[in-house]
Amino acid sequence: STLHNRVIAPEWGGAAVSAARRITSGTSSGSGETVSDKMVLRSCWKSRHKNRPGTGPGPGPSAAARGVRAGSAALLWLCVTQFACAGGELAEITKVVQKDAEFDVTYNDTVTSENQTIYAFNHTVSRNRTEGVRVSVDVLSQGFESPILFVVRQKQAVLSFQIPLILRGLYQRKYPYNHVGRTLCQPPTRAASETQYFFVDVSTLSSQGTNYQLRVSRVESFTLHTDKKFSFTASPSQPQYFKYDFPDGVDTVIVKVNSDATFPCSVMSIQDIQCPVYDLDNNVAFIGMYQTMTKKGAITVQRKDFPSNSFYVVVVVKTEDEACGGPLRFYPLWPDELINAGNRSKFIDVIVTPAIKSEVYVMGMLFCLGIFLSFYLLTLLMTCLENKRSSILFLNVCVCVCVSTAKTPASPYEYGSFGKCVCGLLVMSFCFVIEIKNLTSFFVLFSPADNCSTLSSEAITDSATSTDNNYGYAGMDLCHCARSLDSVGRSRHESLSSVEEDDYDTLDDINSDKNIVRTKKYLYVADLSRKDKRILSKKYQIYFWNIATIAVFYALPVVQLVITYQTVVNVTGNQDICFYNFLCAHPLGALSAFNNILSNLGYVLLGLLFLLIVLKRDIIHQRALVRNDFNALECGIPKHFGLYYAMGTALMMEGLLSACYHVCPNYTNFQFDTSFMYMIAGLCMLKLYQKRHPDINASAYTAYACLAGVIFFSVLGVVFGKGNTVFWIVFSVIHILATMLLSTQLYYMGRWRLGKRSSGSSRIRHVSSDRMVLLVMGNIVNWSLAAYGLIERPNDFASYLLAIAICNLLLYFAFYIIMKLRSGERIQCMALVCILFTAVVWGFALYFFFQGLSTWQKTPAESREHNRDCILLSFFDDHDIWHFLSSIAMFGSFLVLMTMDDDLDGIQRDKIFAF
């Protein structure tokens, strides 16, 4: 190339100062330039003294005027002399050499404080073709005293950097880099073809010569293409970025960046097409969307966020690995000590793939609704089949009654049996229409008088004195449960408004008989269901109203908080705030992962369906009580639906709060996803205990206070529990003490006092081997869990606490089933189907749960290593399937609790064991 040198006047001050320096510098730049500089001085002199007294036309100047002019001339000469002396020194660095340079040519030059070099480049920019330009600089000298400054001046941008490039890490560590490579920003052009110029200025303040190499090259593969992988190498001082244009018909794409090496830690960023491009570790977070990564990274980009229909994919390698969970370097001995970063190059692949279309969104929503609405249809179908079966049962009973009444009458007055049979058919039809399923009243009205007359009070065994261990219910006479209701029925039309909470314990023998009844060797349900049923019903309804109030006050701040989280993510572009599965995170509106939110719909819909089922049973039971039905009053497990309502509400709230958690999942709001899981586990255990111990179950206030303590410890564990030995010691001690206290309370049925005699009775010496086995196993499990927590100290304290609750629930449920079978009871077909179905669904659900698509226990970059693609309809991932299956499994578990004792509906309570 043609090289020519010329001196360029720098702008050190005004024109006069510049001219004075040039006059005194002695540079041989031609007489023309010297004359021009003298003319500048003369012009400055004239402009300074124009229109002063004695200088204009007219009479000659006075003596005073001549004195002023002489003084001004002397002052000007002094100033010129001083500038000349200083100019002799400054003229050494004002020598600027401009060179016409070319692409793909390496320039080896030396720069000092006495000279400045400018490299002039030009290239053609096309509107339809984007071509990147990259500047690479390498300093060959060692131990230079001052850095070299490189300034790239473009049409619409200026890029500057120094060598050595100093990048700072944590605690202000300094890492120098002598080799720098930067890609120039490409401003858009409206013309079909345009020639643009840019200049690379090289300067330094070092008096010693510093050797460097400069190379400017074209980046041929600057534009990324859809579904085409591109590979490159990046380092902290040599970041890379590439352009992507949205093709027609594509509104959303996923930018995936992969690497085989975990470290060094890197950052991927999506930035708009504008200058400057922030591509250094210390400024990459200034604009656009960004996330740290080790092996995997993915960002979903929407066309609506980029008006130019294109964007830059920027990849920057960080100076340290601490942000990605890597080791932290030692702290330097001296604050200004430079640390050698070593080789931090990273080989990276990038690929841009189209995201799903709107049709997939619609298909996913319809699939989600279809699954859970099918349970509504199945429930409706089973209700119709049950009603049909009841109608057939009515007809069979009617036939039996007609046959029995058609026998030879004992007196002539009994020949009206055929009319009674017809009347019975009409009554049964009416009962079927209004969905009255219990036929006890019908048996009482239309059974032969001699069959029911044999029933006497001696047929009922007193539970307080019975010691029979094995009993069966199959051979029980129907008329046995059809005795006259006048002796046992009570009016249910009394208002509950007069029932006060202080009246919960209204037994006459409250202080004496409890110790006798509750500490018998063989305890029956009748012994623990002696309180007024109206009072107990209202007591257990408090569970529902309390959890509904808790849900409102808990959910509203949570919704507000997660909306704020999502807004912060959208405004700042920091993708490290939320721990999504970025490979299967489908945005909708302001939400970043709509599919993870939608999959929680099952909890809400199935919770609502469970509430409807409970409501139906509650209505049927209330109608039976209004009719003074004997089965409803004296047979089966006492029906209290307050805990069922609370369980259904908790399931719905679990869906809502899980959706809120998945708006922006991270460790600070994980408690939203688990709070109502604790409540569900606690309510299920309370319901199991209430079935056989309705009089002594915990009140709603006590139960929710204990659950509040559990949630309180959950928050403490999340905030302070990570690696904190003191916290784990305190929690383990409290866990063990609570286990022992609860075991004592359950074993003695609440009738024990520490160091005292119970009210008016001797010390209780209880003997119950079955309950003792349960409590011993429970203590072994809880002590083991406490020891595990104290030794291992798991990072996910919330899940550890939930595991404790689930283990205790499963242990109690297994004990209940075993004791039910040991007592000679049976499990009906519907309950058995629910148990088997729920167990299978729980198995599949746990499989998908343990896939672990993300984890906030690690850094965001490490969490992305677990990300996976969608596996269902290209819309749902493994965790979404966990949501589907777990909601179904929880719904099935609730049905098991509701139906597992339906076989006892015709059995008197003084024959049902309490365990």
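Residues numbered from 1 in each chain as written. Predicted model: local features only at pLDDT ≥ 70, side-chain atom pairs only at ≥ 80, totals over all residues. Heavy atoms only, no water.

Got a sec to walk through the sheet that holds strand E2 (residues 106-111)? Specific residues and values, please.
Taken in spatial order, the 4 strands of this open sheet run E2-E11-E4-E9, and their pairing is antiparallel. Both edges of this open sheet fall to E2 and strand E9 (179-183), since each of them pairs with a single strand only. In this sheet, neighbouring strand axes are inclined to one another by 20° on average, regardless of whether the strands run parallel or antiparallel. (Pairing = 2+ DSSP bridges. Helix = DSSP H or I, 4+ residues; strand = E, 2+ residues; numbered from the N terminus. Axes fitted to C-alpha atoms, helices over the stretch in contact; angles between N-to-C directions.)

How would you sum up helix H15 (residues 700-720)? Please name residues and give values.
Between the first and last C-alpha of H15 there are 30 Å, a value that for 21 residues agrees with the 30 Å anticipated at 1.5 Å per step. Within H15, the full set of buried residues consists of Ala700, Ala703, Tyr704, Leu707, Ile711, Ser714, Gly717 and Val718. Each buried residue of H15 sits inside an arc of 130° when the element is viewed along its axis, so together they form one side. Residues of H15 that are exposed and angled more than 90 degrees away from the buried face: Val719 and Phe720. (Expected span 1.5 Å × (residues − 1). Buried < 20%, exposed > 50% of the residue type's maximum accessible area, 1.4 Å probe, protein only. Arc of directions from axis to C-beta.)

Run through helix H17 (residues 769-792), naming residues and quoting values.
The end-to-end C-alpha separation of H17 is 34 Å, in line with the 34 Å expected for 24 residues at 1.5 Å each. Buried within H17 we find Arg771, Leu774, Leu775, Gly778, Asn779, Asn782, Leu785, Ala786 and Gly789. Residues of H17 that are buried in the fold lie against helix H16 (725-747) and helix H18 (797-822). Two residues or fewer past H17, arginine 793 is found with a positive phi of approximately 50°. (Contact = heavy atoms within 4.5 Å.)

Run through the packing of helix H19 (residues 829-849) against helix H21 (residues 878-899), naming residues and quoting values.
Axis separation between H19 and H21 bottoms out at 8 Å; the angle between their running directions is 155°. For the element pair H19 / H21, the angle class is roughly antiparallel. Considering the relative orientation of H19 and H21, their crossing is left-handed. Across the contact of H19 with H21, the residue classes break down as 19 nonpolar, 5 polar and 1 charged. (Parallel < 35°, antiparallel > 145°, perpendicular 65-115°, else oblique. Left-handed = near helix turned anticlockwise from the far one by under 90°. Nonpolar A, V, L, I, M, F, W, Y, C, P; charged D, E, K, R; others polar.)

Lay out a nonpolar patch on the surface in plain terms, naming residues and giving numbers.
On the surface, Ile729, Val733, Leu737, Met740, Trp783, Leu790 and Ile791 cluster together to form a nonpolar patch covering roughly 670 Å² of accessible area. When contributions to the nonpolar patch are tallied by element, the ones reaching two or more residues are H16 and H17. For the nonpolar patch, the element with the most residues is H16, which contributes 4 residues. Considering the arrangement of structural elements, one finds isoleucine 729 in helix H16. (Patch = residues over 30% accessible without salt bridge, like charges linked within 9 Å, V, L, I, M, F, W, Y side chains within 5 Å. Areas by Shrake-Rupley, 256 points an atom, 1.4 Å probe, with all protein chains shown as cover. Salt bridge = Lys/Arg side-chain N within 4 Å of Asp/Glu carboxyl O.)

Tell me about the packing of aromatic side chains, and name the residues and values.
A ring pair, where both rings are aromatic, is described by two values, the distance of the centres and the angle of the planes. Counted according to the given criterion, the structure contains 56 aromatic pairs. When the centroid spacing of 5.6 Å and the interplanar angle of 65° are considered together, the rings of tyrosine 278 and phenylalanine 286 count as edge-to-face. Looking at tyrosine 278, the relative accessible area reads 23%, which means it is partly exposed. On the basis of relative accessibility, which here comes to 59%, the residue phenylalanine 286 falls in the exposed class. On the numbers, 4.9 Å between centres and 90° between planes, the contact of phenylalanine 875 with phenylalanine 876 is edge-to-face. Phenylalanine 876 gets classed as buried once you look at its relative accessible area, which sits at 0%. Grouping aromatic residues by their ring pairs yields a cluster made of Phe712, Phe713, Phe727, Trp728, Phe731, Tyr788, Phe797 and Tyr800. Taking NZ or CZ as reference, lysine 687 lies 4.1 Å from the ring centre of tyrosine 644, over its face. (Phe/Tyr/Trp six-rings, centres within 6.5 Å; stacked < 30°, edge-to-face > 60°. Lys NZ or Arg CZ within 6 Å of the ring centre and 35° of its normal.)

Could you give me a rundown of the sheet that holds strand E16 (residues 266-272), with the residues and numbers involved?
With respect to topology, 5 strands assemble into an open sheet ordered E12-E14-E19-E16-E17, the strand pairing being mixed. Every other strand in the sheet has two partners, leaving strand E12 (223-224) and strand E17 (289-293) as the edge strands with one partner each. With 5 bridges joining them, E16 and E17 adopt antiparallel strand pairing. In the sheet register, serine 269 faces E17, and the bridge partner there is tyrosine 290.

Describe the environment of phenylalanine 306, and please don't skip the residues or the numbers.
Within the secondary structure layout, phenylalanine 306 lies in the loop between strand E18 (296-302) and strand E19 (310-317). Separated by 60 residues in sequence, phenylalanine 306 and phenylalanine 246 place their C-alpha atoms 9.7 Å apart. Excluding residues that lie within four positions of it along the chain, phenylalanine 306 makes contacts with Ile270, Gln271, Asp272, Met289, Val301 and Phe311.

Break down the environment of arginine 218 for me, with residues and values.
As for its position among the elements, arginine 218 is in strand E11 (residues 210-219). Through-space distance from the C-alpha of arginine 218 to that of histidine 123 is 9.8 Å; in sequence the pair is 95 residues apart. Apart from the residues lying within four places of it in its own chain, the contact partners of arginine 218 are Phe103, Asp104, His123, Glu131 and Gly132. Within the structure, arginine 218 has its side chain in polar contact with the side chain of glutamate 131 (distance 3.0 Å). (Polar contact = N/O pair within 3.5 Å; in protein donor to acceptor, adjacent residues only side chain to side chain.)

With reference to specific residues and values, describe the pattern of salt bridges.
Applying the stated criterion across every chain yields a total of 23 salt bridges. With its nearest N and O atoms 3.2 Å apart, the salt bridge here joins lysine 304 to aspartate 305. What makes lysine 304 exposed here is its relative accessible area of 58%. Shared partners join several salt bridges into a network, and the residues in it are Lys691, Arg692, Lys820, Glu825, Asp901 and Asp903.

Any details on the side chain of histidine 640? Residues and values, ideally.
Relative to the assigned elements, histidine 640 resides in the loop between helix H12 (630-634) and helix H13 (642-663). Note on histidine 640: relative accessible area 5%, which makes it buried. Non-local contacts of histidine 640, meaning those with residues more than four positions away in its chain, are made with Lys533, Leu536, Ser537, Tyr540, Lys687, Gln690 and Pro694.

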